[in-house]
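Residue-level structure breakdown
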Amino acid sequence: IGDVVVGTESVGLKATSDAGLAVEFFVVAGPAVVRDGRLVFTPIPPSSKLPLKVTVAAWQWGRATEPRIKTADVVRQEFEIVAAK
């Protein structure tokens, strides 16, 4: 995810697992929530100053039955909400 301009409503989230399993996402920090595979931006608090950092994480469950798959490490990505030019 690259930086986004303030006022952007949402961006799509996409990740792949080399094991072919579903990848899940969650917001670590910033004014956003994950909804239906998209990162949806929430209102920015009035006292906030731009640029504003957002951190999103992705992860994948493992599987204990054959074929066994180890749970993937959480991968984080940061980007900023920036002022319009």
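Residues numbered from 1 in each chain as written. Predicted model: local features only at pLDDT ≥ 70, side-chain atom pairs only at ≥ 80, totals over all residues. Heavy atoms only, no water.

Quick look at a nonpolar patch on the surface
Defined as follows: Any residue with relative accessible area above 30% and no salt bridge may belong to a patch, with like charges joined within 9 Å and the nonpolar Val, Leu, Ile, Met, Phe, Trp and Tyr side chains within 5 Å. Only the protein chains shown count as cover for residues, and the accessible areas themselves come from Shrake-Rupley with a 1.4 Å probe. We count a salt bridge whenever a side-chain nitrogen from Lys or Arg sits within 4 Å of a carboxyl oxygen from Asp or Glu. What counts as a helix is a DSSP run of H or I of at least four residues, what counts as a strand is a run of E of at least two, and both are numbered from the N terminus.
On the surface, Val5, Val6 and Leu50 cluster together to form a nonpolar patch covering roughly 200 Å² of accessible area. Relative to the elements of secondary structure, Val5 occurs in strand E1 (residues 4-5).

Some thoughts on the sheet that holds strand E3 (residues 24-29)
The criterion, for reference: Strands were regarded as paired on the criterion that DSSP finds at least two bridges between them.
Spatially, E1-E7-E6-E3 is the arrangement adopted by the four strands of the open sheet, whose pairing is mixed. Since the sheet does not close on itself, it has two edges, and those belong to E1 and E3, each with one partner. One ladder, built from seven bridges, connects strand E6 (residues 52-59) with strand E7 (residues 75-82); its direction is antiparallel. Across the sheet, the residue bridging to Ala57 is Arg76, located in E7.

Focus: the pattern of salt bridges
It is possible for side chains of opposite charge to pair when their charged atoms get near one another. Rules: Only protein chains enter the area calculation, which uses a 1.4 Å probe; residues under 20% of their type maximum are buried, those over 50% are exposed, and those in between are partly exposed.
This model, assessed by the stated rule, comprises two salt bridges. Among the ionic pairs, Lys53 bridges to Glu78, the shortest N-O distance being 3.7 Å. Of this pair, Lys53 sits in strand E6 while Glu78 sits in strand E7; the two residues are 25 residues apart in sequence, bridging distant segments of the chain. On the accessibility criterion, Lys53 (46% relative accessible area) is partly exposed. The partner of Arg68 in a salt bridge is Glu66, and the shortest N-O contact between them spans 3.1 Å. You can call Glu66 exposed: its relative accessible area is 62%.

By themselves, these observations are geometric and do not establish any function.
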